[in-house]
Amino acid sequence: MKEIICLNCNKSFGLYNEKYYSRKSLEKIANQYCALHKFYGHEIIIRNPQM
Ligand SMILES: [Zn+2]
């Protein structure tokens, strides 16, 4: 699983199974969901979820 997260807000944008989501589509999702965060200069990363 991969997690899309804003480092500045520590906000998660959900968990995604790599089986169904390629790296490219994850980046696409991140760009859509996190547009406002990026606008404010926040750092959006795709990482392994931390339990
Ligand atoms: Zn943010």
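Residues numbered from 1 in each chain as written. Predicted model: local features only at pLDDT ≥ 70, side-chain atom pairs only at ≥ 80, totals over all residues.

Now for the environment of Leu26. Summarising the element assignment, Leu26 is placed in helix H1 (residues 23-33). Leu26 gets classed as partly exposed once you count the C-beta atoms within 10 Å, which come to 17. Setting aside anything within four residues of it in sequence, one finds Leu26 in contact with Lys2, Ile4, Tyr16, Tyr21 and Ile46. (Helix = DSSP H or I, 4+ residues; strand = E, 2+ residues; numbered from the N terminus. Buried ≥ 20, exposed ≤ 12 C-beta atoms within 10 Å, placed from the backbone. Contact = placed C-beta atoms within 7 Å.)

In spatial order, the strands read E2-E1-E3; together these 3 strands make up an open sheet with antiparallel pairing. Looking at the sheet topology across the chains shown, the edges are occupied by strand E2 (11-16) and strand E3 (44-47). Strand-to-strand twist of the sheet, defined as the mean angle between neighbouring strand axes without regard to direction, takes the value 15 degrees. As paired elements, strand E1 (residues 2-6) and E3 share 4 bridges and run antiparallel to each other. Counterpart to Ile4 in the pairing with E3 is Ile46. Packing against the sheet, H1 makes contact with E1, E2 and E3, and its axis sits at approximately 30 degrees to E1. (Pairing = 2+ DSSP bridges. Axes fitted to C-alpha atoms, helices over the stretch in contact; angles between N-to-C directions.)

Grouped together as the largest cluster of nonpolar side chains are 6 residues: Ile4, Ile5, Cys6, Ala30, Cys34 and Ile44. The element best represented in this core is E1, accounting for 3 residues. If we ignore the near neighbours within four places in the chain, the residues touching Ile4 are Phe13, Gly14, Leu26, Ile29, Ala30, Tyr33, Ile44 and Ile46. (Core = buried A, V, L, I, M, F, W, Y, C linked by C-beta atoms within 7 Å.)

Although it is not a glycine, Asn10 adopts a positive phi angle of roughly 55 degrees. Among the secondary structure elements, Asn10 is positioned in the loop between E1 and E2.

Quick look at the pairing of E1 now. Relative to E2, E1 runs antiparallel, the two sharing 4 bridges. Following the sheet pairing, Lys2 is matched in E2 by Tyr16. Taking the residues between adjacent antiparallel strands as the criterion, E1 and E2 are bridged by 4 residues, where Asn10 takes a positive phi near 55 degrees.

Any functional reading would require information that these geometric values do not contain.
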